[in-house]
Amino acid sequence: MSLSQDLHAAFAGVMRAHGLGLVSRLVFVVELVEDSGALVSLRGSVPDDMPVWSELGLHRYAIADIGAVVTAARVASSEEDE
């Protein structure tokens, strides 16, 4: 089993335990601290043969979703200040 498959199985297990949906595709970016103390990024996707444009599309979707949540929080915060 590859690292990405192991991560998919672990993530799917957590989602299932919380009553959330089935994980069909997974794209991840993980920040790691190496033994030397250096920060490195690890990225990957499941399935392993996912086309790079599909992986990029999922990353862009995630960024847009995070941006929407941040914007909504700022709007709600500014309305409370008035």
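Rules behind the numbers
Residues numbered from 1 in each chain as written. Predicted model: local features only at pLDDT ≥ 70, side-chain atom pairs only at ≥ 80, totals over all residues. Heavy atoms only, no water. 1 Å grid on protein atoms, 1.4 Å probe; cavity = no way out; pocket = protein on both sides within 12 Å on 5 of 7 lines; lining within 4 Å. Points joined across faces, edges and corners; volume = space filled by probe spheres on them. Helix = DSSP H or I, 4+ residues; strand = E, 2+ residues; numbered from the N terminus. Nonpolar A, V, L, I, M, F, W, Y, C, P; charged D, E, K, R; others polar. Expected span 1.5 Å × (residues − 1). Buried < 20%, exposed > 50% of the residue type's maximum accessible area, 1.4 Å probe, protein only. Arc of directions from axis to C-beta. Contact = heavy atoms within 4.5 Å. Core = buried A, V, L, I, M, F, W, Y, C linked by side-chain atoms within 4.5 Å. Pairing = 2+ DSSP bridges.

Draft legend 1. Fine view of the layout of surface pockets. Estimated volume of the largest pocket: approximately 210 Å³. Along its surface, the largest pocket is lined by Val-27, Val-29, Leu-58, His-59, Tyr-61, Ala-62, Ile-63, Asp-65 and Ile-66. When residues of the lining of the largest pocket are assigned to their parent elements, the largest contribution, seven residues, is made by helix α2 (residues 52–81). A per-class count over the lining of the largest pocket returns seven nonpolar, one polar and one charged.

Draft legend 2. The arrangement of helix α1 (residues 3–17) in detail. Taking 1.5 Å per residue, 15 residues should reach 21 Å; α1 reaches 21 Å between its end C-alpha atoms and fits that length. Taken together, the buried positions of α1 are occupied by Ser-4, His-8 and Ala-12. The arc enclosing the buried residues of α1, seen along the axis, measures out at 70 degrees, which places them on a common side. Where α1 is buried, its residues meet β1 (26–33) and β2 (39–46). Of the residues trailing α1, Gly-19 is marked for its positive phi of about 75 degrees.

Draft legend 3. Highlighting the nonpolar core. In this structure, Ala-12, Val-23, Leu-26, Phe-28 and Val-46 together form the largest nonpolar core, which totals five residues. Discounting residues that sit within four places of it in the chain, Leu-26 has contacts with Leu-7, His-8, Phe-11, Gly-44, Ser-45, Val-46 and Met-50.

Draft legend 4. Looking closely at the pairing of β1. In the sheet, β1 pairs with β2 via eight bridges, with the strands oriented antiparallel. Across the sheet, the residue bridging to Val-29 is Arg-43, located in β2. What sits between β1 and β2 in their antiparallel hairpin is a turn of five residues, with Gly-37 showing a positive phi close to 95 degrees.

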